Amino acid sequence: MTAPQLSIAGFLSVILMGTFLLLLPISNVKTPLSFIDAFFTSTSATCVTGLIVVDTASQFSGFGQFIILFLIQIGGYGIMTLSTYMLFIMGRKLSLKMSDGVADSFLKLHHYDLKDLLKTSLVLVTTIELIIAALLFIQFAQDFPFGQAVWYSVFHSISSFCNAGFA
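The following paragraphs examine the structure supplied in this document. (Residues numbered from 1 in each chain as written. Predicted model: local features only at pLDDT ≥ 70, side-chain atom pairs only at ≥ 80, totals over all residues. Heavy atoms only, no water.)

### Let's talk about the overall build of the protein
Right, on to step 1. Within the protein, the regular secondary structure consists of eight helices and zero strands.
Right, on to step 2. Along the chain direction, N to C, the helices and strands of the protein fall in the order α-α-α-α-α-α-α-α.
Right, on to step 3. Taking all 167 residues of the protein together, the buried fraction comes to 38%.
Right, on to step 4. Long-range pairs, those at least 24 residues apart, make up 61% of the contacts in the protein with a sequence separation of at least 6. (Helix = DSSP H or I, 4+ residues; strand = E, 2+ residues; numbered from the N terminus. Buried < 20%, exposed > 50% of the residue type's maximum accessible area, 1.4 Å probe, protein only. Contact = heavy atoms within 4.5 Å.)

Written out as structure tokens, the structure is:
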């Protein structure tokens with residue numbers, strides 16, 4: 001597969017996985033979602049568009065909201081970046097073609113140490129999201145119980161950093 005095909009296949013796989021997880025009864029508080037609503041929500045979260053067809057807070061259980069948050073994070077960080085990082089963690093080498101595909105997603109950087117680039121970007125994204133969550137927690141802790149304030153802080157931090165717009 002070429003790098004663009006791999007990217008498309010990765011996003012489609014994540015979207016379909018998210019769709020089926022959002023269809024599970026454990027994901028919903030109200031009536032179950034239709035396939036098209038689950039597919040749309042999963043696509044919107046993964047592609048970080050922020051478009052919704054149902055209210056996230058009232059339709060989805062904690063599990064369903066976690067699935068949406070996971071999809072937002074995956075989409076925001078990028079399938080190629082995460083899959084490449086996972087290959088490094090598992091100790092596998094990248095083909096030259098795949099390495100160039102990942103480099104293309106980082107503004108055509110061709111003189112780089114890919115492992116360091118991925119590690120730095122993951123640490124930077126996580127650090128920024130944690131700082132945002134800590135700042136949000138200060139406000140949420142005034143209005144909600146501790147656990148709920150932590151969850152709201154993390155959810156809104158990731159959603160806002162990835163520009164997903166889910167609330």
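Having put the structure on the table, let's press on.
### What about helix α4 (residues 62-77)?
Right, on to step 1. The terminal C-alpha atoms of α4 lie 22 Å apart, and with 16 residues this matches the ideal 22 Å at 1.5 Å per residue to within 8%.
Right, on to step 2. Along α4, the residues classified as buried are Gly 64, Gln 65, Ile 67, Ile 68, Leu 69, Leu 71, Ile 72, Gln 73, Ile 74, Gly 75 and Tyr 77.
Right, on to step 3. Taken from the residues just after α4, Gly 78 is the one with a positive phi, measuring 100°. (Expected span 1.5 Å × (residues − 1).)

### Structural notes on a nonpolar patch on the surface
Right, on to step 1. Among the surface-exposed residues, Leu 12, Leu 16, Phe 20 and Phe 35 lie close enough to one another that they form a single nonpolar patch of about 370 Å² accessible area.
Right, on to step 2. Of the residues forming the nonpolar patch, the biggest block, three residues, is contributed by helix α1 (residues 3-23).
Right, on to step 3. Along the polypeptide, Leu 16 turns up in helix α1. (Patch = residues over 30% accessible without salt bridge, like charges linked within 9 Å, V, L, I, M, F, W, Y side chains within 5 Å. Areas by Shrake-Rupley, 256 points an atom, 1.4 Å probe, with all protein chains shown as cover. Salt bridge = Lys/Arg side-chain N within 4 Å of Asp/Glu carboxyl O.)

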